[in-house]
Amino acid sequence: MRQIRRVAVLGANGTMGALSGGIFAQAGCEVAFVSRSREKSQAGIERAVAQSRSEEIATRATAAGYDELPAIVQRSDWVFEALGEDMALKREFYAIVDANRRDDAIVSTVSSGLSIAALAQDHSAGFRRHFLGTHFYNPPAKLPACELITHPGTDPEVVRFAHAYLENPLRRVVVPTRDVPAFAGNRIGFQFLNQAARLTESHSVLLVDTLLGPYTGRAMPPLATIDLVGLDVHRAIVDNVFENAVDECRDCFRMPEFMQGMIARGQLGMKSRGAGGFYGPKQNGHRPVWNPRRESHEEVELPRFEFIEEARRLIRDGLYREALAVIFAATDDAARLVQHNLSGYVHYSFARIGDVTEPEQGIAAIDDVMAFGFNWAPPGAFVDLLGGPAATAAVLERSGFHPPASLTRLREGMPVCRVRDVGRFFVA
Amino acid sequence: MARPRTYILGGSQTDFARNWSKEGKSILAMMREATEGALLDADVAPGDIEVAHVGNFAAELYCMQGHLGAFVLEVAPEFAGIPTSRHEAACASGSIAVLAASSEIEARRYGMALVVGVEQMKTVDSTRGGDFLGTAAWYEREARGVEFPFPKLFGRLGDEYDRRYGLRDEHLARIAAINYDNAKRNPRAQTRDWYMSEAHACGTGKYNGHIGGRIRVSDCSQVTDGAVAVILASEAVARAWSQRRGIALESVPQILGWGHRTAPIAFERKLRESAGAAYVLPHTRQAILDAFTRAGIADVGGVRAIETHDCFTTSEYMAIDHFGLTPPGESWRAIEDGSIAPGGRCPINPSGGLIGAGHPVGATGVRQLLDASLQVSNRAGETQVPNARRVATLNIGGSGTTSCTFVIGRAA
């Protein structure tokens, strides 16, 4: 019986390495945090301690530099790689792992979108059998989704074991996805985010974030989310999809030209404290927003729309169906934009069944990753709240989308979404 | 003539991990989700509800909203005109609402009642919330100007055990660890994804400092937003309901016995009055005995599990001997021999209790009743205690002031 007692985390100084290492330590594993230096690894342990709110997990954590990597890999049951999203760099480290790993050691990558098959290529047969993608979301203590991605050579026993272990004791919501660019969550999530970014070519940042804000089923408005993720990371994800994926919405992943300029000027979002991103640094209690035409941050008045106010009032008292009914019944241009983007999200999600996830999973896997990876109302919840598959198909058609067969062939009268308490995603 | 009975047809609780203020939601949204969930779980039409009782501690303070009974009518148009009321007895508010509803059913005034326990607590910071909770004690004498009065009061309960019988903090840490561990199996528990271990609970580092006497962070229940609703019914209504579902009436959970006692509100006076007595909180002990007598069981051996009021580890420590799992002062034995852990002689808080599942003050008594009824009808999922025919609850308001207990079970 395979047991996971010792885990090595590569790239343990980064957010995903440190916090994922903490998740293993919380489950009782002895975790070696490995990075460029012992000091950086120690800083990673401290982040893991803060995440768990317990110094006790540090008793199971050791800090090491890469000079110690071969010895650490030799005694590890699971090597969890969380290096930067750089294929060549990862493969370089995999060579060291391959040369030192025990025959039965699992090797996984936390990559959010690189090809698992390409990462596995040319390594030993044993490495390839034990290699898979385990994409944790950030921060893993709050977003428990984990995409599980295999390549044709991954041993099914390893997949079964990893799936079960990720669920318990690591307490992940495991979402098996296909080895496609950006996998499932980032493919669908960044389609929506990039559509929002593209809208700012013709609408103000604040208008877009107001229209597609928390009341539409997400904790944070889309452009604020891009600022949090980082414009550079956003670019890497959408460029990867644009270049390597083919679907009916390829242009959705073309990043607006002005964002290239922002990145070039170092406006990467929240991590660029002085420069900001879509939102500038706070001034007099206000947050100025980026004007792409004037290339400056400026204060704009918060737009107000009666249909949004009414929807928020209904959400506040727990009337989620009624709130969506108000949103989709409104007839002004702003409401049409909201309807189009929410319909687009539902349409794109259902159209990806069988593309990013296996067809037999239906919408369930995509629902899981959007709920537990993005903290967004999952697409299946919209179908239930809009009154079922036929009513949703009608809504999609009104917004100019052809309803996918994966939606229209669903049975009426049966709940579509398995995720519980979907009301929590709609924030008043 | 046989004693009239109260049956529990079903119920629902909100996810106690949610922060409803962050979601921008009102207390009505919580009541709505719990009530709609209960109606769905019990497969009951809203038009069949004849009366509603709400348990709530302090919505006037936390939400600037009183008169919560009236809010039930906002949940469904079919509730129009039904009699409603709100009940308050600090952390025992939920049980008082259940007692009121079951009294009316047993008096044959109504055939089917909705009980909703609800508290929205994350509207204020922890210091202000701690001050509000102080109104469950004698505020002027015990809480005014005191930061976090309740950890201090329940720390003194531990001190009193220590003085009379001896008390080791490791035993309190074990109580905390068991409750957190149980909560991991409860998909609606507030702390289900939090990290906790016995070693952490025994430590006193940056993340587990003392906050009131011997009480550490890990000894405390949580500040929780939550609502719980249950549907109660008379025997005649439950019979028709069970026939419609093709199940035996004997398999439907019912309130077999109840106890309800009130002690002096000031903690010091409680201790003074129990000086020299076997039990530190004799009124709590009596409430438990009353429930056992009414349920027709001789002692704690008649129940398979307990959902108790662990607002702090010291209150669970007290409950162990007050239930009679050990002689007075020897609660540590039931901790050491595994009696209260899953698989033990009488598991305590398979739900995770207040420490693990959460403690939305006015909802807790209703949550305990719901969890007990799920246990005895074998619907408790991963928290299920095997062969749980009867389960007891203990819900305490204030510093051991109002004690409410139920024995929930099925006839067959």
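Cut-off values and rules
Residues numbered from 1 in each chain as written. Chains lettered and ligands numbered in written order. Predicted model: local features only at pLDDT ≥ 70, side-chain atom pairs only at ≥ 80, totals over all residues. Heavy atoms only, no water. Helix = DSSP H or I, 4+ residues; strand = E, 2+ residues; numbered from the N terminus. Rg over C-alpha atoms; globule rule 2.2 N^0.38 Å. Buried < 20%, exposed > 50% of the residue type's maximum accessible area, 1.4 Å probe, protein only. Areas by Shrake-Rupley, 256 points an atom, 1.4 Å probe, with all protein chains shown as cover. Lys, Arg positive; Asp, Glu negative; His and termini not counted. Charge placed at Lys NZ, Arg CZ, Asp CG, Glu CD. Core = buried A, V, L, I, M, F, W, Y, C linked by side-chain atoms within 4.5 Å. Salt bridge = Lys/Arg side-chain N within 4 Å of Asp/Glu carboxyl O. Arc of directions from axis to C-beta. Contact = heavy atoms within 4.5 Å. Buried area = accessible area lost by both parts, 1.4 Å probe. Pairing = 2+ DSSP bridges. Right-handed = clockwise from strand over helix to strand, strands pointing away. Patch = residues over 30% accessible without salt bridge, like charges linked within 9 Å, V, L, I, M, F, W, Y side chains within 5 Å. Polar contact = N/O pair within 3.5 Å; in protein donor to acceptor, adjacent residues only side chain to side chain. Axes fitted to C-alpha atoms, helices over the stretch in contact; angles between N-to-C directions. Parallel < 35°, antiparallel > 145°, perpendicular 65-115°, else oblique. Nonpolar A, V, L, I, M, F, W, Y, C, P; charged D, E, K, R; others polar. Disulfide = S-S within 2.5 Å. Phe/Tyr/Trp six-rings, centres within 6.5 Å; stacked < 30°, edge-to-face > 60°.

Asks: Help me understand the overall build of chain A, please; the structure alone is not making it clear to me.
Replies: Looking only at helices and strands, chain A features 19 helices and 10 strands. Its C-alpha atoms give chain A a radius of gyration of 22 Å, within 12% of the compact-globule value 22 Å for 428 residues. Viewed in the frame of its principal axes, chain A has a C-alpha envelope of about 65 × 55 × 40 Å. Within the span of chain A, comprising 428 residues, buried residues form 59% of the whole. Of the roughly 17400 Å² that chain A leaves accessible, carbon and sulfur atoms contribute 50%. Averaging the coordinates of the 47 positive side-chain charges in chain A and doing the same for the 51 negative ones gives two points 3 Å apart.

Asks: Is there a simple way to think about the nonpolar core in this case?
Replies: Nonpolar side chains in soluble globular proteins tend to be buried together. One finds Phe278 and Phe307 of chain A together with Leu9 and Ile231 of chain B to be the most contacted residues of the largest nonpolar core, which totals 127 residues. Membership of the second largest hydrophobic core comes to 53 residues, among which are Ile215, Ile297, Phe323 and Ile340 of chain B.

Asks: Would you mind going over the pattern of salt bridges with me for this structure?
Replies: When their charged atoms lie close together, side chains carrying opposite charge are able to pair. If you walk through the whole model with that rule in mind, you get 50 salt bridges over all chains. Two residues, Arg102 of chain A and Asp104 of chain A, come together in a salt bridge whose shortest N-O distance is 3.1 Å. Taking relative accessible area as the criterion, Asp104 of chain A reaches 36% and is therefore assigned partly exposed. Put simply, Asp193 of chain B and Arg171 of chain A hold a salt bridge, and the shortest N to O gap is 2.8 Å. Of this pair, Asp193 of chain B sits in the loop between α7 (169-183) and α8 (198-202) while Arg171 of chain A sits in the loop between α7 (156-167) and β8 (173-177), which puts the two residues in different chains. A network of salt bridges, in which partner residues are shared, links Arg187, Asp247, Glu248, Arg352 and Asp355 of chain A.

Asks: Help me out: how do you make sense of helix α10 (residues 267-274) of chain B in this one?
Replies: Each turn of an α-helix holds 3.6 residues, which means side chains three or four residues apart point in the same direction. Residues and elements named next belong to chain B. Buried within α10 are the following residues: Phe267, Lys270, Leu271 and Ser274. Summarising the axial view, the buried residues of α10 lie within an arc of 95 degrees, below the 170-degree limit, and thus occupy one face. The secondary structure elements touched by the buried residues of α10 are α5 (139-143), α6 (149-164) and α11 (282-295). Positive backbone phi, approximately 85 degrees, marks Gly276, located one or two places after α10.

Asks: Looking at this structure, how should I read the environment of Thr383 of chain B?
Replies: All names here are of chain B. One can find Thr383 in the loop between α15 (364-376) and β10 (390-397). Residue classification places Thr383 among the buried positions, given a relative accessible area of 13%. With 197 residues separating them along the chain, Thr383 and Asn186 place their C-alpha atoms 6.3 Å apart. Ignoring any residue separated from it by four or fewer positions in sequence, one finds Thr383 in contact with Arg185, Asn186, Pro350 and Gln375.

Asks: What should I look at first to understand the interface of chain A and chain B in this one?
Replies: Tallying the contact residues gives 24 residues for chain A and 23 residues for chain B. In this assembly, chain A packs against chain B so that about 2000 Å² is buried in total across both faces, 44% of it on carbon and sulfur atoms. Linking chain A to chain B there are 2 salt bridges. Sorting the residues of the side of chain A that touches chain B by element identifies α2 (38-52) and α13 (306-316) of chain A as the ones contributing at least two each. No other element matches α2 of chain A, which puts 3 residues into the side of chain A that touches chain B.

Asks: Please clarify how the pairing of β8 of chain A should be interpreted in this entry.
Replies: Side-chain positions along a regular strand alternate between the two faces of the sheet. Residues and elements named next belong to chain A. As paired strands, strand β7 (residues 145-149) and β8 are joined by 5 bridges and run parallel to one another. Of the residues in β8, the one forming a bridge with Cys146 is Val174. Since β7 and β8 lie parallel, the crossover through α7 that links them has a hand, and here it is right-handed.

Asks: I'm lost on a nonpolar patch on the surface in this one. Help?
Replies: Together, Met220, Leu228 and Met270 of chain A make up an exposed nonpolar region whose accessible area comes to about 280 Å². In this fold, Leu228 of chain A is placed in helix α10 (residues 222-229).

Asks: Is there a simple way to think about the side chain of Gln190 of chain B in this case?
Replies: Residue and element names in this part refer to chain B. In this structure, Gln190 sits in the loop between α7 and α8. The class for Gln190 is buried, based on a relative accessible area of 5%. Here the side chain of Gln190 touches Thr224 through a polar contact of 2.5 Å, side chain to side chain. Each residue touching Gln190, except ones within four places of it in the same chain, is listed here: Phe16, Ala17, Lys122, Gln222, Val223, Thr224, Gly356, Ala357, Gly358 and His359.

Asks: Just to check I follow, could you spell out the packing of helix α8 (residues 185-199) of chain A against α10 of chain A for this structure?
Replies: The packing of two helices is summarised by the inter-axis angle and the distance between the axes. Residues and elements named next belong to chain A. For the pair α8 and α10, interaxial distance at closest approach is 9 Å and the crossing angle is 110 degrees. Classed by the angle they form, the pair α8 and α10 counts as roughly perpendicular. Side by side, α8 and α10 meet where Phe190, Phe192, Leu193, Ala196 and Ala197 of the first sit next to Pro222, Leu223, Thr225, Ile226 and Val229 of the second. Broken down by class, the residue content of the contact of α8 with α10 amounts to 9 nonpolar, 1 polar and no charged.

Asks: Before we go on, may I ask you to explain the side chain of Thr225 of chain A in this structure?
Replies: All names here are of chain A. Following the sequence through the fold, Thr225 ends up in helix α10. Looking at Thr225, its side chain comes within polar contact range of the main-chain oxygen of Pro221, at 2.8 Å. Those residues in contact with Thr225 that lie beyond four places of it in its chain are Leu193 and Met220.

Asks: Got a minute to help me understand the state of the cysteines in this structure?
Replies: A covalent bond between the sulfur atoms of two cysteines is referred to as a disulfide. All told, the structure shown has 1 disulfide over all chains when counted by the stated rule. Note on cysteine connectivity: Cys249 of chain A is disulfide-linked to Cys252 of chain A, with sulfurs 1.8 Å apart. The S-S bond linking Cys249 of chain A to Cys252 of chain A shows a torsion near -55 degrees; that makes this disulfide left-handed. According to the relative accessible area criterion, Cys249 of chain A is buried, its value standing at 14%. Classification of Cys252 of chain A as buried rests on a relative accessible area of 9%. Of all cysteine sulfurs in the structure, the one in Cys311 of chain B sits closest to Cys91 of chain B, which takes part in no disulfide; the separation is 6.4 Å. Taking the relative accessible area as the measure of exposure, Cys91 of chain B reaches 9% and is therefore buried.

Asks: Please explain the sheet that holds strand β6 (residues 131-136) of chain A as it appears in this structure.
Replies: Think of a sheet as strands paired side by side through backbone hydrogen bonds, with each pair either parallel or antiparallel. Residues and elements named next belong to chain A. The strand order across the open sheet formed by 8 strands is β3-β2-β1-β4-β5-β6-β7-β8, and the pairing between neighbours is mixed. Two strands close off the open sheet at either side, each with one partner strand: β3 (61-65) and β8. Strand-to-strand twist across the sheet, computed as the mean angle between neighbouring axes with direction ignored, equals 25 degrees. Strands in contact with helix α1 (residues 15-26) are β1 (6-10), β2 (30-35), β4 (78-81) and β6; relative to β2, the strand with the most contacts, it is inclined by about 170 degrees.

Asks: Any chance you could explain the packing of aromatic side chains here in plain terms?
Replies: The geometry of an aromatic ring pair is captured by the separation of the ring centres together with the interplanar angle, meaning the angle of the planes. A full pass over the atoms with the stated rule returns 28 aromatic pairs over all chains. A centroid spacing of 5.9 Å and a plane angle of 85 degrees characterise the contact between Tyr345 of chain A and Phe382 of chain A, whose relative ring orientation is edge-to-face. Taken together, the residues Tyr345 of chain A in helix α15 (residues 333-351) and Phe382 of chain A in helix α17 (residues 379-385) connect sequence positions 37 residues apart. Residue Tyr345 of chain A shares its accessibility class with Phe382 of chain A, and that shared class is buried. Between Phe154 of chain B and Phe312 of chain B the ring centres are 5.3 Å apart and the planes differ by 25 degrees, which places this aromatic pair in the stacked class. Taken together, the residues Phe154 of chain B in helix α6 and Phe312 of chain B in the loop between β9 (305-307) and α12 (313-322) connect sequence positions 158 residues apart.

Asks: Before we go on, may I ask you to explain unusual backbone geometry in this structure?
Replies: The phi torsion of most residues other than glycine is negative, and most of the peptide bonds are trans. Residue and element names in this part refer to chain A. The peptide bond linking Asn138 to Pro139 adopts the cis configuration, its omega dihedral lying at -5 degrees. Relative to the helices and strands, Pro139 resides in the loop between β6 and β7. The peptide bond linking Asn168 to Pro169 adopts the cis configuration, its omega dihedral lying at 25 degrees. Mapped onto the elements of the fold, Pro169 is located in the loop between α7 and β8. Positive phi is not limited to glycine here, since Arg171 has a value of about 60 degrees. Owing to a relative accessible area of 25%, Arg171 belongs among the partly exposed residues under this scheme.

The values reported here are purely geometric and, on their own, carry no functional implication.
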